[in-house]
Amino acid sequence: DEHFNAISALHKSIRGSDPEATLYWLARMLEAGESPEYVGRRLVRVASEDVGLADFNALPQALAALQAVKAIGMPECNL
């Protein structure tokens, strides 16, 4: 399923410290109609499990982004 392939690729690009690939997969998911709130929740998960071990600021930033997406909603939080 393309949905799971895209989120897996996003996670792998973040883990691999590849910012261009991360932005590519993020934009691809949102352009395909993925919910920004779903993407935000997944970024919180990555920040708490993977990135958070190297950067303690990752989780607060991801949570702030998710909160902003929830507060602003669509279409304003769209790219």
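> Go over the overall build of the protein, please, and point to the residues and values.
Helix and strand counts for the protein come out as 4 helices and 0 strands. Element order for the protein, N to C, with α for helix and β for strand: α-α-α-α. In summary, the protein has a C-alpha radius of gyration of 12 Å against a globular reference of 12 Å for 79 residues, a match within 12%. Expressed as lengths along the three principal axes of its C-alpha atoms, the size of the protein is roughly 35 × 30 × 20 Å. Counting every position in the protein, which comprises 79 residues, the buried fraction comes to 33%. Put simply, of all contacts in the protein between residues at least 6 apart along the chain, 42% involve residues at least 24 apart. A total accessible area of about 5,200 Å² is found for the protein, and carbon and sulfur atoms account for 57% of it. If you average the places of the 7 positive and of the 11 negative side-chain charges in the protein, the two averages end up 7 Å apart.

> Please provide a residue-by-residue account of the packing of aromatic side chains, values included.
Per the stated rule, a full pass over the model turns up 1 aromatic pair. Where Tyr-24 meets Trp-25, the ring centres are 5.0 Å apart and the plane angle is 80°; that geometry is what we call edge-to-face. Judged by its relative accessible area of 44%, Tyr-24 is partly exposed.

> Provide a residue-level description of helix α4 (residues 58-72), including the pertinent values.
With 15 residues, α4 extends 21 Å from end C-alpha to end C-alpha; this agrees with the ideal 21 Å at 1.5 Å per step. Looking only at α4, the buried set comprises Ala-58, Ala-62, Leu-66 and Val-69. Here the buried residues of α4 occupy an arc of 65° about the axis, which is enough to place them on one side. Relative to its buried face, α4 has exposed residues pointing more than 90 degrees away, namely Gln-61, Gln-67 and Ala-71. For α4, the elements touching its buried residues are α3 (36-49). Downstream of α4 by one or two residues, Gly-73 has phi in the positive range, about 70°.

> Could you give an account of the nonpolar core, naming the residues involved and the relevant values?
Ala-6, Ile-7, Ala-9, Leu-10, Ile-14, Ala-21, Trp-25, Met-29, Leu-30, Tyr-38, Val-39 and Val-46 together form the largest nonpolar core, which totals 12 residues. Within the residue set of this core, elements represented by two or more residues are α1 (2-15), α2 (19-31) and α3. At 5 residues, α1 tops the list of elements feeding residues into this core. Once residues within four sequence positions are removed from consideration, Ala-6 is found in contact with Trp-25 and Met-29.

Conventions adopted
Residues numbered from 1 in each chain as written. Predicted model: local features only at pLDDT ≥ 70, side-chain atom pairs only at ≥ 80, totals over all residues. Heavy atoms only, no water. Helix = DSSP H or I, 4+ residues; strand = E, 2+ residues; numbered from the N terminus. Rg over C-alpha atoms; globule rule 2.2 N^0.38 Å. Buried < 20%, exposed > 50% of the residue type's maximum accessible area, 1.4 Å probe, protein only. Contact = heavy atoms within 4.5 Å. Areas by Shrake-Rupley, 256 points an atom, 1.4 Å probe, with all protein chains shown as cover. Lys, Arg positive; Asp, Glu negative; His and termini not counted. Charge placed at Lys NZ, Arg CZ, Asp CG, Glu CD. Phe/Tyr/Trp six-rings, centres within 6.5 Å; stacked < 30°, edge-to-face > 60°. Expected span 1.5 Å × (residues − 1). Arc of directions from axis to C-beta. Core = buried A, V, L, I, M, F, W, Y, C linked by side-chain atoms within 4.5 Å.

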